[in-house]
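# Reading the structure
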Amino acid sequence: MTSSAHLPEPTADALSRSDLSADPRAAAPALPPALDAESLAAVRELVAAAKTVILGFDGPLCRLYDPLTARAATDALTRLLREHGVPAEEVPGRTPLALLRSLTLGALDDDPELSTALDALLTESEVAATLTARPTPYADNLVRTWSAVGTRLAVATGHAADAVHAYLAGRGLTACFGPHVHGRTGGLAHLGHDAPPRALAALGADPADALVVGSTPDDLRAARDAGAPFLGYARDLRGWERLHAAGATLVTGTLEPVRQAVWELNLPRR
């Protein structure tokens, strides 16, 4: 099995062609619209103001699952849920984490054994998926550049911290984040909603001077709850539309303009 450590950063076009269902006849997903001049200026303003950047994992840094590994993991979780009498709707293309987020908060309250088993199964699938995870175009270079100019970085995610650490090690990015990887806590009690505030607190950062880069409506809500500015990342038009529907005002389909802004601004070490 090929490790992500040996995968070069793909171009956005290459990633769009790979973002297919298991059906070889499936068409490539529609891409988000390009940022206009006003949005590019807004990205530049966010980057210039950010002393701390909190990045999501699956999306901003990588594509954790491919269609086949995602389906295998969601099928395993669905079977376990149904064995314990918890209904789980099958939705094509849904990630394992999104499946668990779709459950009502009280669905697992009366069955701590099930909650523990689901968390273990999800963690196992996430760590295994890092072996074939695809880096988001420009993400590795962006992270290294931010780190080099002194911007403080953290990962905040609903995924297991072990999976994030494994991925960062494979990409040679561990030193850019140090100990600041904040995954889900309390089993399935918090599926990432509390991660950005924890990351900010651990860094001693002022939310007003931070930037949260995320790819889901949950990331947007977490940034708002923390009081931090938010930049959405969407690899396809469907993700772009979900973020806008949730209230995101700035969503990019590529990290290239973010990287370019960091280079051009040449942020001083803080």
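Report on the accompanying structure. (Residues numbered from 1 in each chain as written. Predicted model: local features only at pLDDT ≥ 70, side-chain atom pairs only at ≥ 80, totals over all residues. Heavy atoms only, no water.)

This paragraph deals with the nonpolar core. Counting 53 residues, the largest nonpolar core has L81, L118, W146, L168 and F177 as the members making the most contacts within it. With 5 residues, the top contributor of residues to this core is helix α3 (residues 67-83). Sequence-distant contacts of F177, defined by excluding residues within four places in its chain, comprise L55, L61, V143, L153, A154, V155 and L168. (Core = buried A, V, L, I, M, F, W, Y, C linked by side-chain atoms within 4.5 Å. Buried < 20%, exposed > 50% of the residue type's maximum accessible area, 1.4 Å probe, protein only. Helix = DSSP H or I, 4+ residues; strand = E, 2+ residues; numbered from the N terminus. Contact = heavy atoms within 4.5 Å.)

We now examine the packing of α3 against helix α5 (residues 112-129). The geometry of α3 relative to α5 is characterised by a closest axis approach of 10 Å and an angle of 170° between their N-to-C directions. Taken together, the axes of α3 and α5 lie roughly antiparallel to each other. Packed against α3, whose contacting residues are A73, A76, L77, L80 and L81, the element α5 presents L114, A117, L118, L121, L122 and S125 at the interface. For the contact of α3 with α5, the residue count by class is 10 nonpolar, 1 polar and no charged. (Axes fitted to C-alpha atoms, helices over the stretch in contact; angles between N-to-C directions. Parallel < 35°, antiparallel > 145°, perpendicular 65-115°, else oblique. Nonpolar A, V, L, I, M, F, W, Y, C, P; charged D, E, K, R; others polar.)

For the rest of this paragraph, the subject is the environment of T249. Mapped onto the elements of the fold, T249 is located in the loop between α11 (237-245) and β8 (251-252). A C-alpha to C-alpha distance of 9.2 Å links T249 and S39, two positions 210 residues apart in sequence.

As a packed pair, helix α2 (residues 37-49) and helix α12 (residues 256-265) sit with axes 9 Å apart at the nearest point and diverge in direction by 55°. Looking at the two axes, α2 sits oblique to α12. Here α2 runs over α12; the crossing is right-handed. Contacts between α2 and α12 pair L40, V43, R44, V47 and A48 from the former with P257, V258, A261, V262, E264 and L265 from the latter. Residues belonging to the contact of α2 with α12 are distributed by class as follows: 9 nonpolar, no polar and 2 charged. (Left-handed = near helix turned anticlockwise from the far one by under 90°.)

A word on helix α6 (residues 139-148). Among the residues making up α6, those that are buried are A139, D140, L142, V143, T145 and W146. G150 occupies a position one or two residues after α6 and carries a positive phi of about 95°.

On to the sheet that holds strand β6 (residues 210-214). What holds strands together in a sheet is hydrogen bonding between their backbones, with the strands either parallel or antiparallel. Pairing in this open sheet of 6 strands is parallel, and the strands run β5-β4-β1-β6-β7-β8 from one edge to the other. Edge strands, defined here as strands with exactly one partner in the open sheet, are β5 (181-182) and β8. In this structure, strand β1 (residues 52-55) lies alongside β6, joined through 4 bridges in parallel fashion. Looking at the pairing, T52 lines up with A210 of β6. (Pairing = 2+ DSSP bridges.)

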